[in-house]
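Fold and geometry: a report
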Amino acid sequence: MAETTVSLTVNGRPSAVQIDESRTLLYLIREVLGLKGSKEGCGEGVCGACTVLLDGQAVNACLVLAVQAEGKELYTIEGLGAEGNLHPLQKAFIEVGAVQCGYCTPGMIISAKALLDKNSNPSEVEIRRGLSGNLCRCTGYQKIIDAVRLASKDDK
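For every chain, the first residue of the written sequence is number 1, and numbering continues from 1 along that sequence. Confidence filtering applies because this is a predicted model: local features only for residues at pLDDT of at least 70, side-chain atom pairs given and counted only at 80 or more, and all residues used for totals across whole chains, interfaces and linings. With hydrogens and water excluded, all non-hydrogen atoms of the structure serve as input to the side-chain values.

1. What to know about the packing of aromatic side chains
Aromatic ring pairs: the centre-centre distance and the angle between the two ring planes describe each pair. The rule is short: rings of Phe, Tyr and Trp, with Trp giving its six-membered ring, pair when the centres are within 6.5 Å, and they are stacked under 30 degrees, edge-to-face over 60, tilted in between. Under the counting rule described, the total for this entry stands at 0 aromatic pairs. Ring-over charges, as used throughout, are those where CZ of Arg or NZ of Lys falls within 6 Å of the ring centre and within 35 degrees of the ring normal. The ring of Y27 has R23 sitting right over it, with the charged end atom 3.9 Å from the ring centre.

Below, the structure is given as structure tokens:
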């Protein structure tokens, strides 16, 4: 297996890592960088648990090769807020109880951020469409939609 250096910006910090060319971005995030917020659910790009922002676009990290991130800006859930200074989406998810087991939550929040970055006042239909690549087996989605709607009002 051929290794290469991938240089990218991770959560606002420049980074250069050695990685096998066949490894996914999710592997780079979790196993090389040690950022465990992004989860592997299906490994097939269906569930959205591994959703991250790559140059501002929501992508399934399990489907992107790490080498494709060369020169790009990557944001994971760890880059959105900090303890005591949560992002409005994180605050809203907590406030409305939009989490149960929490497995899908990082991917949901990242997808919601991508949506709100493009449309700061989405309708319910637009929120549902923006989250359509993310599966949740616990909440029934309404609280997640409510959280995105609340965050859209707070993120002004």
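On we go.
2. A few points about helix α2 (residues 88-96)
Exposure is judged per residue with a 1.4 Å probe applied to protein chains only, and the accessible area is read against the type maximum: over 50% gives exposed, under 20% gives buried, and values in between give partly exposed. Put simply, DSSP H or I for four residues or longer makes a helix, DSSP E for two residues or longer makes a strand, and each gets a number counted from the N terminus. All of the buried residues along α2 are P88, L89, Q90, A92 and F93. The positive-phi residue at the C-terminal boundary of α2 is G97, with phi of around 70°.

3. Re the state of the cysteines
Such a bond, covalent and formed between the sulfur atoms of two cysteines, is termed a disulfide. When two cysteine sulfur atoms lie within 2.5 Å, the pair is treated as a disulfide. Here the structure, examined in full by the defined rule, presents 0 disulfides. C47 carries a free sulfur, and the closest cysteine sulfur to it, the one in C42, is 3.8 Å from it. Unpaired in this structure, C136 has its nearest cysteine sulfur neighbour in C104, at a distance of 3.7 Å. A relative accessible area of 10% means that C136 is categorised as buried.

4. Considering the pattern of salt bridges
Salt-bridge detection follows one rule: a side-chain nitrogen of Lys or Arg within 4 Å of a carboxyl oxygen of Asp or Glu. Within the structure shown, the criterion is met by 4 salt bridges. A salt bridge links K113 to D117; the nearest nitrogen and oxygen atoms lie 3.0 Å apart. Of this pair, K113 and D117 both sit in helix α3 (residues 105-118), 4 residues apart, which is roughly one turn of that helix. Judged by relative accessible area, which is 17%, K113 ranks as buried.

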